[in-house]
There are 2 protein chains.
Amino acid sequence: MKRIRFQFSLGYSLLAAFLLGFGHMAMACDPLPSWNEGAAKQFIIEFVKTTTEKRSENFVPEAERIAVFDNDGTLWAEQPMYFQAFFIFDRIKALAPQHPEWQTEEPFASVLRGDIKSALAGGEHALMEMAMATHAGMSTQEFEQIVKDWVATAKHPLTKKPFTEMVYQPMLELLGYLRGHGYKTYIVSGGGIEFMRPWTEAVYGIPPEQVIGSSIKTKFEMQNGKPALMRLPELNFIDDKEGKPVAINQHIGRRPIAAFGNSDGDLQMLQWTGAGEGKRFALYVHHDDAVREWAYDHPSSIGQLEKGLVEAAANGWTVVSMKNDWKRVFPFEWEH
Amino acid sequence: MKRIRFQFSLGYSLLAAFLLGFGHMAMACDPLPSWNEGAAKQFIIEFVKTTTEKRSENFVPEAERIAVFDNDGTLWAEQPMYFQAFFIFDRIKALAPQHPEWQTEEPFASVLRGDIKSALAGGEHALMEMAMATHAGMSTQEFEQIVKDWVATAKHPLTKKPFTEMVYQPMLELLGYLRGHGYKTYIVSGGGIEFMRPWTEAVYGIPPEQVIGSSIKTKFEMQNGKPALMRLPELNFIDDKEGKPVAINQHIGRRPIAAFGNSDGDLQMLQWTGAGEGKRFALYVHHDDAVREWAYDHPSSIGQLEKGLVEAAANGWTVVSMKNDWKRVFPFEWEH
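Residues numbered from 1 in each chain as written. Chains lettered and ligands numbered in written order. Predicted model: local features only at pLDDT ≥ 70, side-chain atom pairs only at ≥ 80, totals over all residues. Heavy atoms only, no water.

Some words on the interface of chain B and chain A
How we decide: Any two residues whose heavy atoms approach within 4.5 Å are treated as being in contact. In this description, buried area is defined as the sum, over both parts, of the accessible area (probe of 1.4 Å) that is lost when the two are combined. By salt bridge we mean one thing: a side-chain nitrogen of Lys or Arg within 4 Å of a carboxyl oxygen of Asp or Glu. Helical segments are the DSSP runs of H or I of at least four residues, strand segments are the runs of E of at least two, and each set is numbered from the N terminus.
At the junction of the two partners, chain B supplies 47 residues and chain A supplies 47 residues. Counting each side, the surface lost to burial between chain B and chain A is near 3,800 Å², with a carbon and sulfur contribution of 55%. For the chain B face of the interface with chain A, the top three residues by lost area are B:Glu209, B:Phe220 and B:Gln250, together amounting to 17%. Here chain B is connected to chain A by six salt bridges. A salt bridge links A:Glu209 to B:Arg254; its shortest N-O distance comes to 3.1 Å. For the side of chain B that touches chain A, the secondary structure elements donating two or more residues are helix 1 (2-28), helix 7 (140-153), strand 2 (184-192), helix 9 (193-204), strand 3 (211-223), strand 4 (226-237), helix 10 (243-251) and helix 11 (267-274) of chain B.

Let's talk about empty space enclosed by the protein
Stated precisely, the cut-off is as follows: Site definitions follow a grid-based scheme: protein atoms alone, a 1 Å grid, a 1.4 Å probe that fits but cannot get out for cavities, and for pockets an open set with protein on both sides within 12 Å along at least five of seven lines, plus lining residues having an atom within 4 Å of a point. Grid points are joined across faces, edges and corners, and a volume is the space filled by probe spheres set on the points. Three categories are distinguished: nonpolar for Ala, Val, Leu, Ile, Met, Phe, Trp, Tyr, Cys and Pro, charged for Asp, Glu, Lys and Arg, and polar for the others, with Gly belonging to the last.
Enumeration over the complete set of coordinates arrives at two cavities of 30 Å³ or more. Roughly 70 Å³ of volume is contained in the largest cavity. Taken together, A:Lys184, A:Tyr186, A:Glu209, A:Gln210, A:His251, B:Lys184, B:Tyr186, B:Glu209, B:Gln210 and B:His251 make up the lining of the largest cavity. The set of elements that each furnish at least two residues to the lining of the largest cavity consists of strand 2 (184-192) of chain A together with strand 2 of chain B. For the lining of the largest cavity, the residue count by class is two nonpolar, four polar and four charged.

A word on the sheet that holds strand 3 (residues 211-223) of chain A
Residues and elements named next belong to chain A. Keep this limit in mind: When DSSP locates at least two bridges between a pair of strands, those strands are taken to pair. A fitted line through C-alpha atoms serves as each axis, taken over the contacting stretch for helices, and the angle formed by two N-to-C directions is quoted from 0 to 180°.
Spatially, seven strands are ordered 4-3-2-1-5-6-7 in an open sheet, and the strand pairing comes out mixed. The strands lining the two open edges of the sheet, one partner per strand, are strand 4 (226-237) and strand 7 (318-321). Each neighbouring strand pair of the sheet contributes to a mean axis angle of 30 degrees, computed without reference to strand direction. Helix-sheet contacts for helix 6 (residues 123-135) involve strand 3 and strand 4, and the interaxial angle to strand 4 is about 180 degrees.

Things to note about the packing of aromatic side chains
We apply this condition: Only centres within 6.5 Å qualify two rings of Phe, Tyr or Trp (six-membered ring in Trp) as a pair; their planes then separate them into stacked at under 30 degrees, edge-to-face at over 60, and tilted for everything else. Criterion for a charge above a ring: Arg CZ or Lys NZ at most 6 Å from the ring centre, at most 35 degrees from the ring normal.
Taken as a whole, this structure holds 50 aromatic pairs over all chains when the rule is applied. Judged by centre distance (4.4 Å) and plane angle (10 degrees), the ring pair of A:Phe69 and A:Phe260 falls under stacked. In this pair, A:Phe69 is assigned in strand 1 (residues 66-69) and A:Phe260 in strand 5 (residues 258-261), connecting sequence segments 191 residues apart. Taken together, A:Trp76, A:Phe83, A:Phe86, A:Phe87, A:Phe143, A:Trp150, A:Phe163, A:Phe195, A:Trp199 and A:Tyr204 form an aromatic cluster joined through their ring pairs. Positioned above the aromatic ring of B:Phe332, the side-chain terminus of B:Lys161 is 4.9 Å from the ring centre. Here the guanidinium or amino end of B:Arg231 rests over the ring plane of B:Phe143, the centre of that ring lying 3.9 Å away.

Focus on the relation of the copies chain B and chain A
For clarity, the cut-off: We superpose the copies by least squares over the C-alpha atoms of residues that have a pLDDT of at least 70 in both of them.
Aligned on chain A, chain B shows an RMSD of 0.0 Å; the corresponding rotation is 180 degrees and the shift along the axis is 0.0 Å. Here the copies are linked by what is in effect a two-fold axis. A high fraction, 100%, of the interface residues of chain B reappear at the interface in chain A, so the copies pair face to face through one surface.

Here it is, written out as structure tokens:
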């Protein structure tokens, strides 16, 4: 009997050693292999340790571990223009046969001639007109399929890669590293919420219910006895600047512990996150790699980062240099 | 050596038996002890089995197991009036010293005289005016604390119990049973989203990010260098009737597999859920127990259920009789 008990505990210990061993192996692996050793990587790892280790004075219960990420320029690229703009132009071309008036009507006529610069000359108003013409007038289900089909075939004009491969490898690792430590990762983007949801789970591991974005209004109606949500050509919410903390509060109802952005459009989200009690983490990705990505901050019509850099310096936020902090940028190798 | 290996596997088997044994015990336990045996309980158990057992033809991957619950009249009671209305009246009394004009101004004057009937005589408009006067003008953080303080002390006028105990025991069991099988449970209520979030996690096990409700607008602003979200006296969204599927799409981005309601205000949510592909579950709680709860369906100024009963019969939805299907109603014993 004594021996059995001894052997049982031996068996138990072997099992425990086996499990712990795996744990140690995982710990020994570099969780952020595409990040160069340096202050940014060190800061991330220290932050995750201090907020997730049980005995840490900065320990955060798992339910409160909310991390929010901007999308354009933070998780995937945004040059030479927002990828959703490529989608809009492709949709205008696809829908042109049903809209003969677009051959002469601006900004559509310019798009159909391939003159994007003229199409965008009308500024915000022209872009909004094109967005409504391509994003509304169908059910949510139909729109989801349109996005899925586009994402499966459309290619970036410079890299010739699918847009969903134009994602930052170091940020994919960061998403996984945070989730591996009990963080819930959210997207909080100025991009269209229903433009992102069809592919964020496959690409980032972020499910639709954790995607927050700009939106147009939808309307519930019965069509031949079947319910449908129809997309209306009417703005519902712009999830940018002051809108980001508002949307975070509306969707999540908790203040995030960590926030990641790349532009002045993310400033209020970083401020809101950083001002919470206890340990917080605010990080800017700085586009300073003209060879492997693009170099821009201000002035810039896309991803302007000026106030954000001032605030980052004043508040001790982490600023990531794509050039120096990232061993690789995209999952594939590419240079200009 | 041979003995050690034998003993190791014995130890392992003992451990396995121990774990499996617990599993069997859990299976043998009634997961819904406050539900009487009958069609409704049977239907719930069959539904959960068929959507969660790996080999079932109706198997639903865990990520898609979304269940949505109305709150007023479905998870907690709503008589003699919506509990949020008690909150509004209590807040008017608390704020009265700062508003001397309310002594003569309707509907506030009636509330301060304790004449609720007259206060509500102004209908929707009067109620909205009182809601704005009590729900806006402070930060989201301040409002959260106000709700927490109220919930901790306010009592139901008939049962003398805290409102957060006026919850249906069978529904608490159903929430736990669904979550135990990988379902994510959401509240989709006409009630105020920020009125519910401060207590839903403790009472229902539903975290703030899974609470959807009606809302007023909020505004991000810096106050002495600190960011705040201020609550504005302006309607943002009414999460009722056609609004429910719209809000589900906006917040969750997936169609639910199961939906639970008690009134015509939940009809579109049940239609939207029920019309999805594959196995779906739509359930109405019917208030037919005049002794242990309240008996009402139509006509009723609260929780009107008329069209819903017709649709339920036409579509084979489950209608739960509180009187016959529920062994107990509240966690405590009470009769009129």
